[in-house]
Amino acid sequence: MGINISIMTWINRVLMVPFIISLLILLMYSNYIFYSMYIAFAVCCFQVFSSLLTSFYFKRIDKNTRKFLFTYILSVVFYFFIWFILDYFKLNNIEELIIFLLFGIPVILSLLWTFILESLKKQI
């Protein structure tokens, strides 16, 4: 468990640094949104995969981190379900607020997963 969590933590750190930098650049220059989206896709794929790997260690994780892990997995599933429903009924381009939320929630989820991995790293 320790080596896997340690490796996942370092990979997450390496992916999160360019992601945060691209988001900060995006605040000043909105033309670079596609770079942020590409990096966000890579971060998302890694984080979903690492959360599934971490769920194998569910019994070895303390109770508070289990709650965070369960909350993260449930939030990701709920987010993709909402995205699917909005896209299926063609409602995802109605208002700017909905678009902002659909693109802002993954950033919050990636920060939550970074917090969970760092908490797991401290446990081992």
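As shown above, the structure is provided for reference.
Just so we're clear, the structure is a prediction, and the values are computed from it rather than from any experiment. (Residues numbered from 1 in each chain as written. Predicted model: local features only at pLDDT ≥ 70, side-chain atom pairs only at ≥ 80, totals over all residues. Heavy atoms only, no water.)

*Asks:* Which residues make up the packing of helix H1 (residues 2-28) against helix H4 (residues 96-123), and what values do they have?
*Replies:* Packing of H1 against H4 leaves a shortest axis separation of 10 Å and a crossing angle of 150 degrees. In the packing of H1 onto H4, the handedness of the crossing is left-handed. Contacts between H1 and H4 involve Ile5, Ser6, Met8, Thr9, Trp10, Asn12, Arg13, Met16, Phe19 and Leu23 on the former and, on the latter, Val107, Ser110, Leu111, Trp113, Thr114, Leu117, Glu118, Leu120 and Lys121. When grouped by side-chain class, the residues that make up the contact of H1 with H4 number eleven nonpolar, five polar and three charged. (Axes fitted to C-alpha atoms, helices over the stretch in contact; angles between N-to-C directions. Helix = DSSP H or I, 4+ residues; strand = E, 2+ residues; numbered from the N terminus. Left-handed = near helix turned anticlockwise from the far one by under 90°. Contact = heavy atoms within 4.5 Å. Nonpolar A, V, L, I, M, F, W, Y, C, P; charged D, E, K, R; others polar.)

*Asks:* Describe the environment of tyrosine 57, naming the residues involved and giving the relevant values.
*Replies:* Here tyrosine 57 is to be found in the loop between helix H2 (33-54) and helix H3 (63-88). Between the alpha carbons of tyrosine 57 and methionine 1 there is a distance of 7.2 Å; along the sequence they are 56 residues apart. Those residues in contact with tyrosine 57 that sit more than four places away from it in its chain are Met1 and Asn4.

*Asks:* I'd like a description of the packing of H2 against H4, backed by residues and values.
*Replies:* Helices that pack against each other are described as a pair by the angle of their axes relative to one another and the distance between those axes. At their nearest, the axes of H2 and H4 sit 10 Å apart, and the two run at 45 degrees to each other. In terms of orientation, H2 lies oblique with respect to H4. Relative to H4, the crossing made by H2 is left-handed. Contacts between H2 and H4 involve Met37, Val43, Gln47, Ser50, Ser51 and Thr54 from the first element and Phe103, Leu109, Ser110, Trp113, Thr114 and Leu120 from the second. Residue composition of the contact of H2 with H4, grouped by class: six nonpolar, six polar and no charged. (Parallel < 35°, antiparallel > 145°, perpendicular 65-115°, else oblique.)

*Asks:* Which residues make up the state of the cysteines, and what values do they have?
*Replies:* Enumeration over the complete set of coordinates arrives at zero disulfides. Cysteine 44 takes part in no disulfide bond, and the closest cysteine sulfur, belonging to cysteine 45, lies 5.6 Å away. Residue classification places cysteine 44 among the partly exposed residues on the basis of a relative accessible area of 30%. On the basis of relative accessibility, which here comes to 39%, the residue cysteine 45 falls in the partly exposed class. (Disulfide = S-S within 2.5 Å. Buried < 20%, exposed > 50% of the residue type's maximum accessible area, 1.4 Å probe, protein only.)

*Asks:* Lay out the packing of aromatic side chains with the relevant residues and their values.
*Replies:* Taken as a whole, this structure holds nine aromatic pairs when the rule is applied. Ring centres of phenylalanine 84 and tyrosine 88 lie 5.9 Å apart, and the angle between their planes is 25 degrees; this geometry places the pair in the stacked category. You can see phenylalanine 84 and its partner tyrosine 88 sitting in helix H3, four residues apart, about one turn around the helix. If you follow arginine 66 out to its NZ or CZ, it ends over the ring of phenylalanine 58, 5.5 Å from the centre. (Phe/Tyr/Trp six-rings, centres within 6.5 Å; stacked < 30°, edge-to-face > 60°. Lys NZ or Arg CZ within 6 Å of the ring centre and 35° of its normal.)

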